[in-house]
Amino acid sequence: MSLKDRLKRDIAQDGPMTIADYMWRCLLDPKDGYYSTRPALGADGDFITAPMISQIFGELIGLWCVQVWQDLGAPERFNLVEIGPGDGTLISDILRAGRVIPDFLTAAQVVLVEPSLPLRALQLAKVPYAVFLNDISDIPVDAPLIIIANEILDCLPARQFIRRDDKWHERRVGLSDNGELIFGLSDAPSDFIPPPNGEEGQIYEISPAQRLMAQILSDKLKAATGAALLIDYGRDAPGSGDTLQALYRQQKFNPLEAPGAHDLTVWADFPSVAATARTAGVAVSEISTQSAFLQRLGIVARLEALSAKNPDRADLLARQIERLIAPDQMGELFKVLALSFPPDLALPALEPITPRA
């Protein structure tokens, strides 16, 4: 029985499911979930991430990690953690950049948080000595932490609420009269806290999973010390709107069309993530655009140096960097947030907004 048929069966038995529950099933169903069975990354896949666009991205993130390690006092041992490492390109680039300080690589225990077995195989081929974990709750706290999470928040499901007829409803996935998957509405639960000044037709997303990730990472940092860098597409201020999308071969489709065959994402809610982390007691940076962050790290100077050494590739390199930092491409849509503990730990290329102790 296909995932779509099993979803229909379960909805018929148990009633409509939340958008968040639907996303979890589509992405992580052990038998047919997208990430469990068929994640397709890269130029010929369903989506492409920044590390795949240019090696410079990963190199700069690597230098960011080296600087944080030095600011931590250059501990003899630390856990270098990537959450959702994709095909392993980013962690490989980080480690290559880390060669500038050999002691950094000697001290690093590479930990990859990846529940997808197909993706683990790709990562293992690039970093065969990595330690693999299934969940962020398993991240060790026996040494300082440097955590990288690029395009992970958008994979964490959100619930959706909509204002109709002067009241709030929750959007759910149900069945039509002829048994097909459709979006419908139910009364909002009693514990739903609506946004102020809700307008007719307004859609409001809440991601308990994104907030839980912020809480867990904050607790880990407080227990071990260190920093976490989160990069994703999303909002830098509270807002509304339907951001649920299904991606296949880098094209958008109806999220109900092919459960398990398409990647489902929502925008990262950086304001909620930052608020959760602050409440948990860690320092939080500004929410920067990817463009500003990469330029502060020296992406333009690195482009010029590479272009000088490889003049035949200068145009290609320039196009790659433009895709990363141009306002109409990834530069403004993608945001960057860092968390740290102790509160006086510096966050390279990011301004702190939590008062330093």
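Data block above holds the structure.
The following paragraphs examine the structure supplied in this document. Worth saying up front: this structure is predicted, and the values here are computed from it rather than measured.

## Overview of the packing of aromatic side chains
Piece 1. Scanning the entire structure with this criterion turns up ten aromatic pairs.
Piece 2. Ring geometry for Phe78 against Phe104: centres 5.3 Å apart, planes inclined by 40 degrees, an arrangement best described as tilted. With Phe78 in strand 2 (residues 78-83) and Phe104 in helix 7 (residues 102-107), this residue pair connects regions lying 26 residues apart in the sequence. For the pair shown, Phe78 and Phe104 are each scored as buried.
Piece 3. Above the face of the Phe183 ring, Arg171 is positioned so that its terminal group lies 4.4 Å from the ring centre.

## Describing the sheet that holds strand 11 (residues 245-248)
Piece 1. If you walk across this open sheet you meet the three strands as 12-11-13, and the pairing is antiparallel. Strand pairing shows two members of the sheet lacking a second neighbour, strand 12 (251-253) and strand 13 (263-265), which therefore form its edges. Within the sheet, the average angular offset between the axes of one strand and its neighbour, ignoring direction, is 40 degrees.
Piece 2. Both strand 11 and strand 12 contribute to a ladder of three bridges, which runs antiparallel. In the strand pairing of strand 12, Leu247 is matched with Lys252.

## Let's talk about helix 8 (residues 117-126)
Piece 1. Every buried residue belonging to helix 8 is among Leu119, Arg120 and Gln123, and all of these are buried. For helix 8, the arc enclosing every buried residue in end-on projection is 105 degrees, short of the 170-degree limit, so these residues lie on one face. Across helix 8 from its buried face, at more than 90 degrees, point the exposed residues Leu117 and Ala125.

## Let's talk about the packing of helix 12 (residues 299-309) against helix 13 (residues 314-325)
Piece 1. Packing of helix 12 against helix 13 brings their axes to within 9 Å, and their N-to-C directions diverge by 165 degrees. With respect to helix 13, the axis of helix 12 lies roughly antiparallel. Our pair here, helix 12 against helix 13, has a crossing hand that is right-handed. Residue-level inspection shows Ile299, Leu303, Leu306 and Ser307 of helix 12 in contact with helix 13, the latter providing Ala314, Leu317, Ala318, Ile321, Leu324 and Ile325.
Piece 2. Among the residues forming the contact of helix 12 with helix 13, the class breakdown is nine nonpolar, one polar and no charged.

What counts, and where the lines are drawn
- Residue numbers run consecutively from 1 along every chain, following the written order of its sequence.
- The predicted origin of the model limits local features to residues at a pLDDT of at least 70 and limits the giving and counting of side-chain atom pairs to 80 or more, whereas totals for whole chains, interfaces and linings rest on all residues.
- Only heavy atoms go into the side-chain values, all of them from the structure, while hydrogens and water stay out.
- Two rings belonging to Phe, Tyr or Trp (six-membered ring only in the last case) form a pair when the distance between their centres is within 6.5 Å. Interplanar angles under 30 degrees mark stacking, angles over 60 mark edge-to-face geometry, and anything in between is tilted.
- Helix and strand assignments come from DSSP, with helices taken as H or I runs of at least 4 residues and strands as E runs of at least 2, each series counted from the N terminus.
- Exposure classes here rest on a 1.4 Å probe applied to the protein chains alone. A residue is buried below 20% of its type maximum, exposed above 50%, and partly exposed in between.
- The rule for a charge over a ring is simple: NZ of Lys or CZ of Arg within 6 Å of the ring centre, and within 35 degrees of the ring normal.
- Note on pairing: two strands pair once DSSP finds at least 2 bridges between them.
- Only the stretch in contact is used when fitting a helix axis, every axis being a line fitted to C-alpha atoms; angles between N-to-C directions are given from 0 to 180 degrees.
- This arc describes the spread of directions from the helix axis toward the C-beta atoms.
- Angles below 35 degrees are treated as roughly parallel, those above 145 as roughly antiparallel, those between 65 and 115 as roughly perpendicular, and all remaining angles as oblique.
- Crossings are classed by handedness, with left-handed meaning an anticlockwise turn of the near helix from the far one by less than a right angle and right-handed meaning a clockwise turn.
- Throughout, a contact is declared for two residues whenever any of their heavy atoms are within 4.5 Å.
- Each residue is assigned to one of three groups, with Ala, Val, Leu, Ile, Met, Phe, Trp, Tyr, Cys and Pro labelled nonpolar, Asp, Glu, Lys and Arg labelled charged, and all others, Gly among them, labelled polar.

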